[in-house]
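Here are the chains, one letter per residue:
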Amino acid sequence: MPVLEILKYPDRNLKKKSQPVDKIDQKIRQLVQDMAETMYATPGVGLAAPQVGHPFRLIVLDVTPANQPKNLIALINPEIVASEGECTWEEGCLSIPEFTEEVKRKKNVVVRGQNLDGETVEIVGNDLLSIVLQHEIDHLDGILLIDHVSQLKRELYRRKLLKESKEGKDL
Ligand code: NI
């Protein structure tokens, strides 16, 4: 199975709002499988469909520590239906290489979506799970980690990318 290519900032496709999935067919199931494989291989704790060039409201995540059995969560049309508290975490993003930043998010969230059988499911996320859910759902609305940081930090990162591309580094 091929590992999918992950789009990198500032690819404009990352800024688009993704469409709801209206039918969970074989194509969507295959996409979930490929996304999960890509996430584990990279490795990362979460991946949203627009990051691999498919503008659909679909996310996969797994926040299980590496030494424990995998626990893949795949959510279709996820939305945050309740949230509370605040926490800060140093986040990274597979679409923004070599960039991490502390972001303030909700400490606890309840996310409603569908599983691959089309059943409505609710996931209660605390701490890291809450953060990853919010980060991935952001991707579906074209919001990136870098949109949560100060203009100065964003500008510094842009300049770094520009400098590296001028030096002919592989971006
Ligand atoms: Ni991300």
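Above this text is the structure in question.
Parameters and conventions
Residues numbered from 1 in each chain as written. Predicted model: local features only at pLDDT ≥ 70, side-chain atom pairs only at ≥ 80, totals over all residues. Heavy atoms only, no water. Pairing = 2+ DSSP bridges. Helix = DSSP H or I, 4+ residues; strand = E, 2+ residues; numbered from the N terminus. Buried < 20%, exposed > 50% of the residue type's maximum accessible area, 1.4 Å probe, protein only. Expected span 1.5 Å × (residues − 1). Core = buried A, V, L, I, M, F, W, Y, C linked by side-chain atoms within 4.5 Å. Contact = heavy atoms within 4.5 Å.

Remarks on the pairing of strand β3 (residues 73–84)
One ladder, built from four bridges, connects strand β2 (residues 58–61) with β3; its direction is antiparallel. When the sheet's bridge partners are listed, valine 60 is paired in β3 with alanine 74. Examined bridge by bridge, β3 and strand β6 (residues 108–114) share six bridges and lie antiparallel to one another. Its bridge partner being in β6, isoleucine 80 is matched across the sheet by valine 111.

As for unusual backbone geometry
Keep in mind that most residues, glycine aside, have a negative phi and that most peptide bonds are trans. The omega angle of the peptide bond from tyrosine 9 to proline 10 is 5 degrees, so this bond is cis rather than trans. Checked against the element boundaries, proline 10 lands in the segment before α1 (26–41). Cis peptide bonds are those with omega within 30 degrees of zero, and the linkage from threonine 42 to proline 43 qualifies with -10 degrees. Looking at the element boundaries, proline 43 is found in the loop between α1 and β1 (46–48). Here glutamate 98, not a glycine, exhibits a phi torsion of approximately 55 degrees, which is positive. Inspection of the secondary structure assignment puts glutamate 98 in strand β5 (residues 96–105). Assessed through its relative accessible area of 65%, glutamate 98 is described here as exposed.

A few points about α1
Look at α1: 22 Å from first C-alpha to last across 16 residues, which is about the 22 Å you get at 1.5 Å a residue. Listed as buried for α1 are Ile28, Leu31, Val32, Asp34, Met35, Ala36, Thr38 and Met39.

With respect to the nonpolar core
Among the nonpolar cores identified, the biggest contains 16 residues, and Met35, Leu47, Leu58 and Val60 are the most heavily contacted of them. Of all the secondary-structure elements, those providing two or more residues to this core are α1, β2 and β3. Examining the composition of this core, we find that five residues originate from one element, α1, more than from any other. Excluding anything up to four places from it in sequence, valine 60 contacts Val32, Met35, Ala36, Met39, Val45, Gly46, Leu47, Leu72, Ile73 and Ala74.

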